[in-house]
Amino acid sequence: MDAITFDHVSKHYGDVLAVADLSLAIEPGSTVALLGPNGAGKSTSINLLLGLLRPSSGQVLVHGRDPGAAVRDGEMGGMLQSGELIPELTVKELVDLVRRLYPRPLPLDDILRLADLGDLAGRRANKLSGGQTQRVRFALAIAGAPRILLLDEPTAAMDVESRLRFWAGMHDYAAGGRTVLFATHYLEEADAHADRVLVIARGQLAADGTAAEIKAGVGGQTVRFTLGEQPAAGLDRLPGVTAVEVVDGVVTLHTADPDATLSGLYRGTTLDVRHVQLSGADLEAAFLALTRES
Ligand SMILES: Nc1ncnc2c1ncn2[C@@H]1O[C@H](COP(=O)(O)OP(=O)(O)OP(=O)(O)O)[C@@H](O)[C@H]1O
């Protein structure tokens, strides 16, 4: 059975259509990024999954049942972008309080380790920085040992070091078959940490696949070099090349197979090429292409 199912789900806020007839299924054990620009419908989708919002039409299911029930019995946990912590409690007290609400919680020490809170266990919740507060929110989300974990822009406000540790904790948590769905604006996070990327724009799925598939689907990579006065004729016949641009003696070859193109360039021509640069079709280019207003 799928961990998460959206079956023709729409959500209106008055006149605003935040989620537009969205259908998708997520397999248990996968780590999925929900990637989209501001206002794409990521938070709305997560709130629908957590049972905090009801769909205007369609159905959201978690392991085949109502999301609210899955949250109540600890099957699904969520880390939202906002939410006050109880200021008077220490991190350890707060995490312990929350874990005791669940039938089968994780051990306290495991939660503190996974959320990288060992050094902050005795700190009062109102004395935490924004990034540290995010770590506590993560701890509270995993406290009940949920099989499905939803994270809404989990690394917002975290510095580079905290992000690295956060993702290490997330992967540790996901290991062993748990399902993780995280919303992000950060393309590199989707690329590095998800085995499936759902690109969402205007409440609809714009792409669905591995980061590599999405990059490939939006078309090629480029090989750029300086050719100077030499003739560019024939470059379009190099292996993999899909388009050639020449501007002021600088050639950009769009290619579906940069290795083959480079090999053809060096072995199959006598051109003297300089300043060779290879650029991947990064997820950013793919993302912009997919989410651009049509
Ligand atoms: N409570 C609300 N009332 C009215 N409109 C809302 C409400 N919440 C969200 N919206 C609108 O619904 C759309 C989707 O918003 P949502 O917060 O789901 O997007 P998002 O992808 O999470 O954006 P961001 O990356 O900025 O957090 C946007 O147009 C937003 O303005």
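Residues numbered from 1 in each chain as written. Predicted model: local features only at pLDDT ≥ 70, side-chain atom pairs only at ≥ 80, totals over all residues.

Draft legend 1. Just the sheet that holds strand 10 (residues 221-226), in detail. Judged by pairing direction, the sheet is antiparallel, and its four strands sit side by side in the order 11-12-10-13 without closing on themselves. Looking at strand neighbours, the two that pair on one side only are strand 11 (241-247) and strand 13 (274-279), the edges of this open sheet. Neighbour-to-neighbour, the strand axes of the sheet open up by a mean angle of 15 degrees, direction not taken into account. Note: strand 11 against strand 12 (residues 250-255), six bridges, orientation antiparallel. Each bridged residue has a counterpart across the sheet, and for V241 the counterpart in strand 12 is T255. (Pairing = 2+ DSSP bridges. Helix = DSSP H or I, 4+ residues; strand = E, 2+ residues; numbered from the N terminus. Axes fitted to C-alpha atoms, helices over the stretch in contact; angles between N-to-C directions.)

Draft legend 2. Region of interest: helix 3 (residues 91-99). Restricting attention to buried positions, one finds in helix 3 the residues V91, L94, V95, V98 and R99. Buried residues of helix 3, seen end-on, are gathered within an arc of 125 degrees and therefore sit on one face of the element. Packed against the buried residues of helix 3 are helix 4 (108-114) and helix 5 (130-142). (Buried ≥ 20, exposed ≤ 12 C-beta atoms within 10 Å, placed from the backbone. Arc of directions from axis to C-beta. Contact = placed C-beta atoms within 7 Å.)

Draft legend 3. Highlighting unusual backbone geometry. Positive phi, normally seen in glycine, also occurs at D116, with a value near 60 degrees. With respect to the element layout, D116 can be found in the loop between helix 4 and helix 5. A tally of 19 C-beta atoms within 10 Å means that D116 is categorised as partly exposed. Here the phi dihedral of H275 falls at roughly 55 degrees; this positive angle occurs in a residue that is not glycine. Along the chain, H275 turns up in strand 13. Residue classification places H275 among the exposed residues on the basis of 9 C-beta atoms within 10 Å.

Draft legend 4. Geometry of the domain arrangement of the protein chain. Under the domain assignment used here, the protein chain contains domain 1 (4-209) and domain 2 (218-291). For domain 1 versus domain 2, the separation of C-alpha centres amounts to 40 Å. Contacts between the two partners involve 10 residues from domain 1 and, on the opposite side, five residues from domain 2. Elements with a contribution of two residues or more to the side of domain 1 that touches domain 2: helix 7 (187-193), strand 8 (196-201) and strand 9 (204-209). For the side of domain 1 that touches domain 2, the leading source of residues is helix 7, giving three residues. In terms of residue class, the side of domain 1 that touches domain 2 is made up of eight nonpolar, one polar and one charged. (Domains from an automatic or database assignment. Nonpolar A, V, L, I, M, F, W, Y, C, P; charged D, E, K, R; others polar.)

Draft legend 5. Structural context of the site of the ligand. Around the ligand, the neighbouring residues are Y13, V16, A18, G36, N38, G39, A40, G41, K42, S43, T44 and H185. Ranked by residues supplied to the shell around the ligand, first place goes to helix 1 (residues 42-49) with three residues. The residue inventory of the shell around the ligand, partitioned by class, reads four nonpolar, seven polar and one charged. (Near = placed C-beta within 6 Å.)

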